[in-house]
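# Per-entry structural report
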Amino acid sequence: MTDKISRRNFLRGSAYGLGALSLGAPAIHLRAQEPVLRCGVVTSLSGENRFGGNLTRRGYDLWAEEINKLGGVEINGDRYRVEMFYGDAQSRPASGADAAERLIIRDEVSVLFGPYTSGVTLAVQPICAKYSVPMISGSAESPNVWLEKPRFNFGMIPAVDHSAGRSINVIAEATGAASVGVVGVDEPFSKETAEGFRNGVEDAGLELTRFELFPANADLTPIVSNLKADDPDLVAVGGHEEVLINFINTAKSLDFRPKAILMHYGVTAAAFADQLGGDANGVLGISVWTPNLPYRDDLFGSASDYDELSHSRWGSHPDYTEAACSASGLVLQDAARRLGKPPAWERQARLELVEALEETDIETFYGPVAFEREGSHYHNNIRPVPVVIQITEGRVVPVAPGDAAQTELVYPLPAFS
Amino acid sequence: MVSKPSRRRLVATGLALVAGTAALTALPAFIDPYSLRIVTGVLMWAGLACAWNIVGGYAGYISFGHSAFFGIGAYVTGILMQSGVGMPFLATLPLGILVAVGVAAAIGGPTMRLRGAYFAIATWAFAEMLMQLATVLDITGGTGGLSLPAYLNEFFFYYTMLVVALAVYLGAWYLLERTRFGYRLKALRDHEPAAEAVGIHTTRVKVQAFALSAGITSLFGSIYAYWVTFIDPRSVMGPEITDQMVVMVLLGGLGTVWGPALGATVLWVTNRYIWSEFGDTAIYLPILGLIIALIVLFLPNGLISLLPGGRRGHGVLTRLLRKL
Amino acid sequence: MDVLLQALLNGILIGGILICLTVGFQLTFGVLHVIDFAVGGWVMLGGYAAYWASRLLGLDPFISVFFIFVVFAGIGCALGPLIYHVRTSRYARPDLMALAFTFGLFIMMRGGALWLWSFDSRSVDSVLSGASLSVGPVTIPLLRLSAFGMALLLGLGLFVLLYRTRFGMAVRAVAQNRDHAGLMGVDVKRVSAYVYGIYTGITASAGVLLATIYSVNPEVGVRYTLFAFFVAVLAGLGSVGGVLVAGLILGLVESLVGTYVGTRYSLLVVFATLYLVLLISPKGILRRGI
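Residue numbers here run from 1 along each chain, matching the order of that chain's written sequence. As they are written, the chains are lettered A onward and the ligands numbered 1 onward, keeping that order. Local features in a predicted model are, by the rule used here, given only for residues with pLDDT of at least 70; side-chain atom pairs are given and counted only at 80 or more, and totals for whole chains, interfaces and linings are based on all residues.

Note on conventions: DSSP H or I runs of at least 4 residues are helices, E runs of at least 2 residues are strands, and numbering of each starts at the N terminus. On a plain count of helices and strands, chain B comes out with 14 helices and 2 strands. For a compact globule of 324 residues, the expected C-alpha radius of gyration is about 20 Å, and chain B comes in at 20 Å, within 12% of that figure. On the principal axes, the C-alpha backbone points of chain B span a range of 55 × 45 × 40 Å. Expressed as a percentage of the 324 residues in chain B, the buried residues total 55%. Within chain B, contacts between residues separated by at least 24 positions form 77% of all contacts whose residues are at least 6 apart in sequence. Atoms counted for the radius of gyration: C-alpha only. Globule rule: 2.2 Å times residue count to the power 0.38. With C-beta atoms placed from the backbone, a residue counts as buried when 20 or more other C-beta atoms lie within 10 Å of its own, as exposed when 12 or fewer do, and as partly exposed for counts between those limits. By the convention adopted here, residues make contact when the C-beta atoms placed from their backbones lie within 7 Å.

Next comes the structure, spelled out in structure tokens:
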């Protein structure tokens, strides 16, 4: 099989080489003929959300590299190489829209892989609608992305209102924590995370000692001092990686150590434990994917195979954002196969692709994927079940609920080393 | 006093304008939607730079707070176009201008007693304050932002920006170079006490300039909100908006009518070009920074000094300075 | 009561951090009359220098800070003549041109850091990381205390330098009137370059401390530029003494509002305070600005 493909590729390559030599045709002429699948990536490679943005890019890239090793995406028995084009959204909605339009018009991409934040996603959605280009978002966790029922946008990760609240309940059951202090950065995603935590606290009938939002630029000593004065069993923080690192540093410097501390999003990314070293241990987080899950697929193999592959490619262990982004590629592959039309796809084919995406029902190393067809989570994949993880000796380890747990949840936390 | 441009010069400028307008009107027929988007951006930034130049270049007050007025326009339009209110887009424009002019007139008096860097940073503080306010209010959607109904017609936005930008430039040219208002502004820029001594009501003149500039900025904010369809405090009130306006004016030529248009065009096109060429790494940022630094070092009068007769603005300035 | 004491302490220590950020900036403004947009960039680069010194050479930030001061002072001295050239050029608004120039520098620093050192937030460990001192009901983080100590030392050091040395006299002469100082035989250009060097050295050293207290990433600079500007203006531009007062006031406002009103409103109140103070007292809080 592989032999055949490589021979075909070889023949095809020689034909183009000959063609180019003999005709001296400009590259643009070749481009129209070349059987490739052109994919665009709109994500924040700079600006305040560059951290998550770059993680999404790693995930998308890894899929493209792996599928190209096989010769590309298979449609009707032919293989089409994947070519990736990038647009930096600069963490700004307007730049995201510029980037999307550029990728669609200039680079003639047939499909987009989506941004990291809700603001950029919301600004890109109308562009997708304008040109009927489907967009698969490997990482948009804000529930408000799905509220307006975006026809062309699909999301791989369950929105955070789904996962944050439930995790509080799971932790309370596992530990017996009775009081919770919730704080979060006043920015779209982190705020929704904090509100999810708060709702979880109320649903579980726990005592909410404090609910407070703070601006991303604020010094954290006032807020940590207040939490220390309340002294809840569990502190839940909604924020991105930088704020979470600062939070731990500040808590340590003010000698504040709650019995348990839960943070989202960023603790599952390798950089968190890398940068905090021993102080990261014991921090709880939420993840919809971990490398020890029993899922598998044909391209990446099992979840742990993916973990190894990503580690050898990027030098750090992947978190669920990277995994979900790589899995976005699998979703595209599957929908393209069912669509059965060779790229580049014209408008009609792209509309059919959207329908094919809506009918997605596959299992990947990342877990099962199927998109909601109605309701407040329209086009969001809410199949993955969030688990509570704990940083244990620098690694992300699932600790709750019971059936997913690999080790005991450490509670209460020992003093800082 | 200030020399009036010669008749021949006037005719030449007029012809260039007519030709330019005709070219810009026909442009959408010849370029793809992405390029049209860039040109729409150029028009918006050119208009914004011109608005800033009224206060910064002609009145000599360096405002770091213009993003506040951009945000006011964007939010007035954004809020009034939410499904609950459902106002048509065009009806929101005058309201945005009204609010911005009102705010500018209210804060202009006390704030414009400050000079130089104090004024600059006071306006910045004001803009930051407004941005923080937008994040804690409910009506603005807080940090979650507002989505506007999407109107997917690139020609509409192109021609709206074009009409507004042209009107702004013609108005600015007439007002600043052909009327007493313009002379008064320049006089107070060059020497405020002297201007006052010759009977110019300086406070009134500079607050008028500030309000005018704020109104124009707000107008572009409104159009931007409808164009991009999503606004949040950072993207419409963040300091980056003001920074961009300031840098464009400085690059183009401070205190000249057409300098800001030139600066906006060059900077925005360069920005988008290197962003798209090198967009998959951050290398375009240092390149952009280097370009700005080099222009300052080697073309301190702005790009307009490269054009024939482009230094006229500064000629006027030096002559006036020498007189006082 | 305990909460109040802790809030006051937090505020004073935040004030110390703001002072470290601003002192050098204030000095250059006083002498060169340059609003240096790149102040946050120097802070960020100082933080990265400390990070790499700790990661590659195993140097504790409290040791590397001295080398970092020297290196960045050297860079500043080399850049100084360029800034001076832009600032003293005979064009319409050299002050603005200098602002635009440093804005360009700042974008270069920010983009360069992002390009070279990737997007991760880096945390810098030192001997004092996480250590704290308990005095009765309040907890004093030692790192922040050392930042406060540095703020006092810098204030004192600059005072000695400016008022007790010949170089300081030259600096003050240039600050008062560049032309007259030049006529009196002061090498204005060289003095300006040295002052710019002192500023970059101090600011990068402040960055070392800030990186240990918080963390450092390519985008932190904007925030520090903002705060440096605000403290400087509240202090009265060019007034080094005012920085001590203004830094403490803003720190206390941020902490007290954060503790008693809600952190969400702390920056809103900080910016509103600044704006109102400026309207009431246009030359800064001590009315000593230039």
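On to the overall build of chain A, then. Looking only at helices and strands, one finds 13 helices and 17 strands in chain A. Since a compact globule built from 417 residues should have a radius of gyration of about 22 Å, the 22 Å found for chain A is in line with a globular shape. Counting only C-alpha atoms, chain A reaches 80 × 40 × 35 Å along its principal axes. Counting all 417 residues of chain A, 60% fall into the buried class.

Next up on the list: unusual backbone geometry. Residue and element names in this part refer to chain A. Between histidine 264 and tyrosine 265 the backbone carries a cis peptide bond, its omega angle lying at 5°. With respect to the helices and strands, tyrosine 265 occurs in the loop between strand E10 (260-264) and helix H10 (270-276). Note the cis peptide between alanine 400 and proline 401, where omega equals -5°. With respect to the element layout, proline 401 can be found in the segment after strand E17 (395-400). For aspartate 231, which is not a glycine, the phi torsion comes out positive at approximately 55°. For aspartate 231, the position within the fold is in the loop between helix H8 (221-230) and strand E9 (234-238). Owing to 13 C-beta atoms within 10 Å, aspartate 231 belongs among the partly exposed residues under this scheme. Even without being glycine, aspartate 255 reaches a positive phi, approximately 60°. Inspection of the secondary structure puts aspartate 255 in the loop between helix H9 (241-253) and E10.

Counting from both sides, the interface comprises 34 residues of chain A and, opposite them, 32 residues of chain C. If one sorts the elements of the side of chain A that touches chain C by residue count, H9(A) sits on top with 7 residues.

Residue and element names in this part refer to chain A. Under the domain assignment used here, chain A contains domain 1 (35-158 + 292-369) and domain 2 (163-287 + 386-400). By convention here, the domain bounds are inherited from an automatic or database domain assignment. Each of domain 1 and domain 2 was reduced to a C-alpha centroid, and the two centroids are 29 Å apart. Each partner contributes residues to the interface: domain 1 has 15 residues there, and domain 2 has 12 residues. Among the elements that take part in the side of domain 1 that touches domain 2, helix H3 (residues 50-69) stands out by supplying 3 residues, more than any other. Partitioned by chemical class, the residues of the side of domain 1 that touches domain 2 number 5 nonpolar, 8 polar and 2 charged. Only Asp, Glu, Lys and Arg are considered charged, only Ala, Val, Leu, Ile, Met, Phe, Trp, Tyr, Cys and Pro nonpolar, and every remaining residue, Gly among them, polar.

Attention shifts here to the packing of helix H2 (residues 39-56) of chain C against helix H8 (residues 188-213) of chain C. Residues and elements named next belong to chain C. Here an axis means a line fitted to C-alpha atoms, over the contact stretch when the element is a helix, while the angle between two N-to-C directions is reported on a 0 to 180 degree scale. Between H2 and H8, the shortest axis-to-axis distance is 7 Å and the interhelical angle comes to 60°. Accordingly, the angle class assigned to the pair H2 and H8 is oblique. Crossing geometry of H2 relative to H8 is assigned as right-handed. Mapping the contact onto sequence places Val39, Trp42, Val43, Met44, Leu45, Gly46, Gly47, Ala49, Ala50 and Tyr51 in H2 and Thr200, Thr203, Ala204, Ser205, Ala206, Gly207, Val208, Leu210 and Ala211 in H8. Partitioning the contact of H2 with H8 into residue classes produces 13 nonpolar, 6 polar and no charged. Throughout this description, any angle smaller than 35 degrees is read as roughly parallel, any larger than 145 degrees as roughly antiparallel, any in the 65 to 115 degree range as roughly perpendicular, and the remainder as oblique. Note: crossing handedness is left-handed where the near helix turns anticlockwise from the far helix by less than a right angle, and right-handed where it turns clockwise.

Once that is clear, we can look at helix H6 (residues 154-178) of chain B. All names here are of chain B. Take the number of residues in a helix, subtract one, and multiply by 1.5 Å to get its expected span. The end-to-end C-alpha distance of H6 is 35 Å, a good match for the 36 Å that 25 residues give at a rise of 1.5 Å each. Among all positions in H6, only Phe157, Tyr158, Thr160, Met161, Ala165, Val168, Ala172 and Leu176 are buried. Contacts from the buried residues of H6 go to helix H2 (33-58), helix H7 (180-190) and helix H9 (202-228).

Chain B puts 38 residues into the contact, and the matching count from chain C is 35 residues. Listing elements by their share of the side of chain B that touches chain C, those giving two or more residues are helix H4 (89-111), helix H5 (116-136), helix H11 (239-252), helix H13 (284-298) and helix H14 (312-323) of chain B. The element best represented in the side of chain B that touches chain C is H5(B), accounting for 12 residues. Considered class by class, the residues forming the side of chain B that touches chain C number 28 nonpolar, 7 polar and 3 charged.

Looking now at H11(B). Look at H11(B): 20 Å from first C-alpha to last across 14 residues, which is about the 20 Å you get at 1.5 Å a residue. Burial analysis of H11(B) places 12 of its 14 residues in the buried class, the great majority of the element. Every buried residue belonging to H11(B) is among Ile241(B), Thr242(B), Asp243(B), Gln244(B), Met245(B), Val246(B), Val247(B), Met248(B), Val249(B), Leu250(B), Leu251(B) and Gly252(B), and all of these are buried. Residues of H11(B) that are buried sit in contact with H2, helix H3 (66-80), H5, helix H12 (259-277) and H13 of chain B together with helix H4 (94-117) of chain C. In the stretch just after H11(B), Gly253(B) is the one whose phi turns positive, near 145°.

The subject of this paragraph is the environment of Leu80(B). Residue and element names in this part refer to chain B. Within the secondary structure, leucine 80 is located in helix H3. Judged by the 19 C-beta atoms lying within 10 Å of it, leucine 80 is partly exposed. Contact partners of leucine 80, with chain neighbours within four places excluded, come to Val85, Met87, Thr92 and Leu95.

With that settled, the discussion passes to the pairing of strand E16 (residues 387-392) of chain A. All names here are of chain A. Of all the 6 residues making up E16, 6 are buried; the element is thus mostly covered by neighbouring parts of the structure. Burial of the side chains of E16 extends over both faces: Val387, Ile389 and Ile391 are buried on one face and Val388, Gln390 and Thr392 on the other. Two strands pair if DSSP finds at least two bridges between them. By the bridge criterion, 4 bridges tie strand E11 (residues 284-287) to E16 in an arrangement that is antiparallel. For leucine 284, the partnering residue across the bridge sits in E16 and is glutamine 390. With 5 bridges connecting them, E16 and E17 associate as antiparallel partners. Within the sheet, the bridge partner assigned to valine 388 lies in E17 and is alanine 400. The antiparallel pairing of E16 with E17 creates a hairpin that spans 2 residues between the two strands, and glutamate 393 there sits at a positive phi of about 50°.

Before going further, it helps to examine the sheet that holds strand E8 (residues 207-214) of chain A. Residue and element names in this part refer to chain A. Spatially, 7 strands are ordered E8-E7-E9-E10-E11-E16-E17 in an open sheet, and the strand pairing comes out mixed. In the strand order of this sheet, the two ends are held by E8 and E17, each with one partner. If you compare each strand with its neighbour and ignore which way they point, the axes differ by 30° on average. For E9 and E10, the ladder comprises 5 bridges, and the chain directions are parallel. Bridged to valine 235 within E10 is isoleucine 261. Along the sheet, helix H7 (residues 188-203) makes contact with strand E7 (179-185), E8, E9 and E10, crossing E7 at roughly 165°. H8 contacts E7, E8 and E9 of the sheet and is inclined by roughly 175° relative to E8.

Any nonpolar core is a set of buried residues, restricted to Ala, Val, Leu, Ile, Met, Phe, Trp, Tyr and Cys, that join up through C-beta atoms within 7 Å. If you look at the biggest cluster of nonpolar residues, it comprises 347 residues, and the most contacted ones within it are Ile171(A), Ile121(B), Cys20(C), Phe230(C) and Val231(C). Excluding residues within four positions of it along the chain, Cys20(C) makes contact with Ala147(C), Met150(C), Ala151(C), Leu154(C), Ala206(C) and Leu209(C).

Residue and element names in this part refer to chain C. Positionally, tryptophan 42 belongs in helix H2. Using a count of 32 C-beta atoms within 10 Å as the deciding quantity, one classes tryptophan 42 as buried. When the C-alpha positions of tryptophan 42 and leucine 209 are compared, they lie 13 Å apart, and in sequence the two are 167 residues distant. Once residues within four sequence positions are removed from consideration, tryptophan 42 is found in contact with Phe72, Thr200, Thr203, Ala204 and Gly207.

For a regular strand, side chains alternate in direction, first toward one face of the sheet and then toward the other. All names here are of chain A. As judged from the 8 bridges shared by strand E1 (residues 36-43) and strand E3 (residues 78-88), these two strands associate in the parallel manner. Bridging from a neighbouring strand, leucine 37 pairs with valine 82 of E3. Across 3 bridges, the pairing between strand E2 (residues 73-75) and E3 is antiparallel. For valine 73, the partnering residue across the bridge sits in E3 and is tyrosine 80. Remark: 2 residues form the turn of the hairpin made by E2 and E3, two consecutive strands paired antiparallel; asparagine 76 in that turn has positive phi of roughly 50°.

Right, let's get into the environment of Leu27(C). Note on placement: Leu27(C) falls in helix H1 (residues 2-32). Taking the C-alpha atoms as reference points, Leu27(C) and Val171(C), separated by 144 residues in sequence, lie 9.6 Å from one another.

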